[in-house]
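So the chains spell out like this:
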Amino acid sequence: MSTTLPGAAQRSSRLPLVLLFGQAVLGLVVGVVWWAATRHPATWMVGEPVVTSTSVYPIARDGVFSVLTGLVGLAAGIVVVRRAGERPLVLFATALAGAVAGALLAAGLATSLPPTNTENAAHVTLQAWVALLVQPFVVAAVVALTTLVQSLLDWTRSP
């Protein structure tokens, strides 16, 4: 008796691990992109040229971090909704764990890249640590809203 799973079943059994480690790896990519984009913020990130003072940089950095991690969370939430399969809670839990890991890795990597002088306006650091929760929140929101809408549609279509 063979213990190998058919192709589709084997892919679906690997999906939770792909979501977990995929978001962690994407966290590293997001960290580098965030660091590169916010070391010297462009005018479009911090507002008009009149208000581009160094006091606005932390808000712009946290906002860019939130947008980047939110996009990764959106993609992960869509994967969870589309590929829930037989074990949706396992997939959802690993997606949330991967989202937390990805956000932590992104923030940790970007803050460890040069310049390390925290007095320098070009130092990339996260001021609002609640921004770390954007990615897991977006994953949960996508899954919750999609499930709610699907349940309501099923309820209205039932006889």
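Each remark here, short or long, concerns the structure printed above.
For clarity, every value in this text was computed on a predicted model and none was experimentally measured. (Residues numbered from 1 in each chain as written. Predicted model: local features only at pLDDT ≥ 70, side-chain atom pairs only at ≥ 80, totals over all residues. Heavy atoms only, no water.)

(A) Representation of the side chain of Gln23 in the model. Tracing the backbone shows Gln23 in helix α1 (residues 7-38). Within the structure, Gln23 has its side chain in polar contact with the backbone oxygen of Ala95 (distance 2.9 Å). Not counting residues up to four positions away in its chain, the partners in contact with Gln23 are Val18, Val72, Ala76, Thr94, Ala95, Gly98, Ala99, Gly102, Gln135 and Val139. (Helix = DSSP H or I, 4+ residues; strand = E, 2+ residues; numbered from the N terminus. Polar contact = N/O pair within 3.5 Å; in protein donor to acceptor, adjacent residues only side chain to side chain. Contact = heavy atoms within 4.5 Å.)

(B) Region of interest: the nonpolar core. If you look at the biggest cluster of nonpolar residues, it comprises 15 residues, and the most contacted ones within it are Trp34, Phe65, Leu126 and Leu132. Put simply, the parts of the chain that give this core at least two residues each are α1, α3 (57-82) and α4 (88-112). Excluding its chain neighbours within four sequence positions, the residues that come into contact with Leu132 are Phe65, Ala103, Leu104, Ala107 and Leu126. (Core = buried A, V, L, I, M, F, W, Y, C linked by side-chain atoms within 4.5 Å. Buried < 20%, exposed > 50% of the residue type's maximum accessible area, 1.4 Å probe, protein only.)

(C) Region of the structure containing the environment of Ala103. Counting through the fold element by element, Ala103 comes out in helix α4. Sequence separation of Ala103 and Ala131 is 28 residues, and the distance between their C-alpha atoms is 8.6 Å. With residues near it in sequence (within four places) discarded, Ala103 still touches Phe65, Leu132 and Gln135.

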